[in-house]
Amino acid sequence: MRTERANGGGQAERRDLKVIVGAAIIRGGRVLACARSAPPEVAGMWEFPGGKVEPGEAEIDALIRECSEELAVRVEIGDRVGRDVRMAHGRSVLKVYAARLLDGDEPQALEHSAMRWLSAAELDSVTWLPADAPIVAALRPVLAEGRPPKR
């Protein structure tokens, strides 16, 4: 994703936004929330698993890779959840996709301090990272309606 901004001379300056992808893994009307273990300023806050899209990597491929690395699971990626969320002082954007576990895989907290399955009514029971909060709001009706992730 590219953006433009005016530099001191009024000319447009192009820069690349880093894309961060997250997975709203849904099972049985609940979504998986993961507690950050680091860095210290956000440790204990909750997020959707995921990470950076590497150069030349498709968003979906990055999300499948990140779920494997962070949770040791295989996932099927569905529709986007919510809007793009600007983060890191405008240098990156978070994009979250609905997902489902494949073949009975069970997530393991390989990079997180804890994990919880949350229903729509339980979404506010944890402290979400600021970037994830708009996604939580968009996810609430998805969980309440019991819509499965699709693509």
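Since this is a predicted model, take the numbers as computed values, not measurements.

S.K.: Honestly, the overall build of the protein in this entry has me stumped. Any pointers?
M.R.: Helices and strands together make up the secondary structure of the protein, namely 2 helices and 9 strands. The order of α-helices and β-strands along the protein, N terminus first, is β-β-β-β-β-β-α-β-β-β-α. Considering the protein as a whole, with its 151 residues, one finds that 42% of them fall into the buried category. Counting contacts in the protein only where the partners sit at least 6 residues apart, residues at least 24 apart contribute 65% of the total.

S.K.: Would you explain the packing of aromatic side chains in this entry?
M.R.: Note on aromatic pairs: each is described by the distance of the centres and the angle between the planes. Scanning the model with the defined rule gives 1 aromatic pair in all. The aromatic ring of Tyr97 is capped on one face by Arg80, whose charged end is 5.6 Å from the ring centroid.

S.K.: Hey, could you run me through the environment of Cys67 in this one?
M.R.: Assignment of secondary structure puts Cys67 in helix H1 (residues 59-71). The exposure class assigned to Cys67 is buried, which follows from its relative accessible area of 0%. Sequence-distant contacts of Cys67, that is, excluding residues within four places in its chain, are made with Ala23, Ile25, Ala72, Val73 and Val75.

S.K.: Looking at this structure, how should I read the nonpolar core?
M.R.: The tendency in soluble globular proteins is for nonpolar side chains to be buried as a group. Ranked by internal contacts, the top residues of the largest apolar core, which has 24 residues, are Val31, Phe48, Trp128 and Leu139. Sorting the residues of this core by element identifies strand S3 (18-27), strand S4 (30-36), strand S7 (75-87), strand S8 (92-101) and helix H2 (133-145) as the ones contributing at least two each. Per-element tally for this core: the top contributor is H2, with 5 residues. If we ignore the near neighbours within four places in the chain, the residues touching Phe48 are Ala23, Ala24, Val31, Leu32, Val96, Trp128, Asp132, Ile135, Val136 and Leu139. Ile25, Cys34, Val53 and Ala99 belong to the second largest nonpolar core, which has 18 residues in total.

S.K.: I would appreciate a short explanation of the pattern of salt bridges in the present structure.
M.R.: In a structure, side chains of opposite charge can pair up when their charged atoms sit close to one another. Per the stated rule, a full pass over the model turns up 12 salt bridges. Across the pair Arg36 and Glu47 runs a salt bridge, and its minimum N-O distance is 3.4 Å. Of the two residues, Arg36 sits in strand S4 while Glu47 sits in strand S5 (residues 46-47), which places them 11 residues apart along the sequence. Its relative accessible area of 24% is what places Arg36 among the partly exposed residues. Connected through salt bridges with shared partners, the residues Glu57, Arg65, Glu66 and Glu69 form a single ionic network.

S.K.: I tried to follow H1 on my own but got confused; where do I start?
M.R.: Compared with an ideal rise of 1.5 Å per residue, which puts 13 residues at 18 Å, H1 spans 18 Å between its outermost C-alpha atoms and is within 8% of the ideal. Listed in full, the buried residues belonging to H1 are Ala62, Leu63, Glu66, Cys67, Glu70 and Leu71. Along the long axis of H1, the arc covered by the buried residues comes to 135°, so they all point the same way. Check the buried side of H1 and you find it contacts S3, S4, strand S6 (50-52), S7, S8 and strand S9 (112-118). Just beyond H1, the residue with positive phi is Ala72, at close to 60°.

S.K.: Explain the side chain of Asp105 here, please?
M.R.: Counting through the fold element by element, Asp105 comes out in the loop between S8 and S9. Aside from chain neighbours lying at most four places away, what touches Asp105 is Arg27, Val73 and Arg74.

Rules used throughout
- Residues numbered from 1 in each chain as written.
- Predicted model: local features only at pLDDT ≥ 70, side-chain atom pairs only at ≥ 80, totals over all residues.
- Heavy atoms only, no water.
- Helix = DSSP H or I, 4+ residues; strand = E, 2+ residues; numbered from the N terminus.
- Buried < 20%, exposed > 50% of the residue type's maximum accessible area, 1.4 Å probe, protein only.
- Contact = heavy atoms within 4.5 Å.
- Phe/Tyr/Trp six-rings, centres within 6.5 Å; stacked < 30°, edge-to-face > 60°.
- Lys NZ or Arg CZ within 6 Å of the ring centre and 35° of its normal.
- Core = buried A, V, L, I, M, F, W, Y, C linked by side-chain atoms within 4.5 Å.
- Salt bridge = Lys/Arg side-chain N within 4 Å of Asp/Glu carboxyl O.
- Expected span 1.5 Å × (residues − 1).
- Arc of directions from axis to C-beta.

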